[in-house]
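# Secondary and tertiary structure notes
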Amino acid sequence: MISSERNNSTIDSVSGKHLTNLSAVVAVLTFRRPDDLMELLPELLKHSLQASVGYGIRQPTVLVVDNDPDGGARETVTRFGPGVTYVHEPTPGIAAARNRALAESVDVDLLVFIDDDERPTSGWLTSLLATRMRTGADGVVGPVVSAFAAPLDPWIADGGFFDRRRLPTGTEVRVAATNNLLLDLRLVRSLSLQFDESFSASGGSDSLFTRQYTGAGFTLVWCDEAVVTDVVPAERATRDWVIRRRYRIGNSWARTELALIPAHSHTLRLRAALLLAGSVRVIGGTARAALGVLGRSPRHRANGVRIVARGAGIVAGAFGRTYLEYSRPTGA
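In this report, the structure presented in the accompanying data block is examined. (Residues numbered from 1 in each chain as written. Predicted model: local features only at pLDDT ≥ 70, side-chain atom pairs only at ≥ 80, totals over all residues. Heavy atoms only, no water.)

## Structural notes on the environment of P69
Where we set the bar: What counts as a helix is a DSSP run of H or I of at least four residues, what counts as a strand is a run of E of at least two, and both are numbered from the N terminus. Accessible area is worked out with a 1.4 Å probe on protein chains only. A residue is then buried under 20% of its type maximum, exposed over 50%, and partly exposed in between.
Mapped onto the fold, P69 is located in the loop between β2 (61-66) and α2 (74-78). The exposure class of P69 is partly exposed, given its relative accessible area of 31%. When the C-alpha atoms of P69 and P90 are compared, they prove to be 4.4 Å apart, with 21 residues separating the residues in sequence.

## Quick notes on unusual backbone geometry
A positive phi angle, near 55 degrees, is found at R32, a position not held by glycine. Considering the arrangement of structural elements, one finds R32 in the loop between β1 (24-30) and α1 (34-50). At S192, a residue that is not glycine, the phi angle is positive and equals roughly 55 degrees. Here S192 shows up in the loop between α6 (185-191) and α7 (205-215).

## Things to note about the packing of aromatic side chains
The criterion, for reference: When the centres of two rings from Phe, Tyr and Trp lie within 6.5 Å, Trp using its six-membered ring, the rings pair. Their planes under 30 degrees apart give stacked, over 60 give edge-to-face, and anything left gives tilted. Remark: a charge is flagged as sitting over a ring if the NZ atom of Lys or the CZ atom of Arg is within 6 Å of the ring centre and within 35 degrees of the ring normal.
One pass over the structure, following the stated rule, counts seven aromatic pairs. On the basis of an interplanar angle of 10 degrees and a centroid distance of 6.4 Å, the ring pair of F162 and W241 is categorised as stacked. Here the residue F162 occupies a position in the loop between α5 (154-159) and β8 (172-173), and W241 occupies one in helix α8 (residues 239-260), the gap between them amounting to 79 residues. Overall, F162 belongs to the buried group, its relative accessible area being 15%. A relative accessible area of 12% means that W241 is categorised as buried. In textbook terms, an aromatic cluster arises when at least three aromatic residues are bridged by ring pairs, as seen for F113, F195 and F209. Above the ring of F199, the side-chain terminus of R255 is found at 4.1 Å from the ring centroid. We note R310 situated over the ring of W253; from NZ or CZ to the ring centre the distance is 5.5 Å.

## Focus: the side chain of D184
Which entries qualify depends on this criterion: Under the rule applied, a polar contact is a pair of N or O atoms within 3.5 Å (in protein, one hydrogen donor and one hydrogen acceptor; residues adjacent in sequence only if both atoms are side-chain atoms).
With respect to the element layout, D184 can be found in strand β9 (residues 180-184). Accessibility expressed as a relative area gives 1% for D184, which makes it buried. Side chain to side chain, D184 and R186 meet in a polar contact 2.8 Å long.

## Let's talk about the nonpolar core
What counts is decided by this rule: Here the nonpolar core consists of buried residues drawn from Ala, Val, Leu, Ile, Met, Phe, Trp, Tyr and Cys, with membership extended through side-chain atoms lying within 4.5 Å. Any two residues whose heavy atoms approach within 4.5 Å are treated as being in contact.
By size, the foremost hydrophobic cluster in this structure holds 32 residues, and its most contacted members are L41, L44, W124 and L128. Mapped by element, the contributors of at least two residues to this core are β1, α1, β2, β3 (84-88), β4 (110-115) and α4 (124-135). Discounting residues that sit within four places of it in the chain, L128 has contacts with V112, V140, V141, G142, N180, L182, C223 and A226. Counting residues in hydrophobic clusters, the runner-up holds 28 residues, among them V108, V173, V188 and W222.

## A short note on the packing of α8 against helix α10 (residues 298-318)
The condition is simple: Each axis is a line fitted through C-alpha atoms, and for a helix only the stretch in contact is used; angles between axes span 0 to 180 degrees, taken between their N-to-C directions. Left-handed describes a crossing whose near helix is turned anticlockwise from the far helix by less than a right angle; the clockwise case is right-handed. Amino acids are sorted into nonpolar (Ala, Val, Leu, Ile, Met, Phe, Trp, Tyr, Cys and Pro), charged (Asp, Glu, Lys and Arg) and polar (every other residue, Gly among them).
α10 packs onto α8 with a crossing angle of 35 degrees between their chain directions and a minimal axis gap of 7 Å. Crossing of α8 over α10 shows right-handed handedness. For the pair α8 and α10, contact is made by I243, R246, Y247, I249, G250, N251, W253, A254 and L258 and by V305, R306, A309, R310, A312, G313, I314, A316, G317 and A318, respectively. Among the residues making up the contact of α8 with α10, the classes are represented as 12 nonpolar, four polar and three charged.

This is how it looks when you write it as structure tokens:
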């Protein structure tokens, strides 16, 4: 467990927005990607050192949560000495790994999540911290930009399958992934908030978590300077994979919406609204794809397929079906 001595600064209620000398952890969750860790961990140590000056925190520690049942990342992580903490979380699923990061940071003030297949760009961590200080926000979200191991299929590029949002710094958001996210753990603990492990194999536990966080009145703001690069391997840059990913995104979004409503409250009405929303996307996307075929426009065709896939996932979620993108074979 990562612990820290209590600071002696003045506390501003639960939010602690005026605190200085805070403790922080940068957490990376990993599953059988030793080469990625070898590239990422030196970068995280460098960013951690840069962040120790002028941002109201002590030098952050780096935490690796290994979700491999065999604990395969231990040898890689121990090469980096005491600057990196290793913990093994054998329970399958990214939600369990995220919860382990929370548990290991029980005495820590701030937690920053990053994925093992991402690389932080210059000024990443300091930008997150500076935005938090400047805005007084309870959490900060940064952009993810994809880089590809091989030339990208023009059809995938035309369809915008890897396009992600970019917003002006300071823009308030209500939902975020954990691939580039800073959170005030004191607020998380005040809510007794955890990642829902029923979403482990389907994805979406981070969306649900941050929706609950902002739904409780806490603020998440965007920091457009805190960029991380997502390294996309060739096997994830295929038409089949990106279509299935869009289906999963729609499916987990619908499940998140259903999970957020109180038990026994308007479930049928919400399912009907989700069915309508998904169906509109399927019909509209089909029409756009058809126009793309008739007009020989790969861009319209690809965008239409992307919209259809997400809509179909929403429809499936409305009927209670779950797409398990992250399910593991027995023994994995």
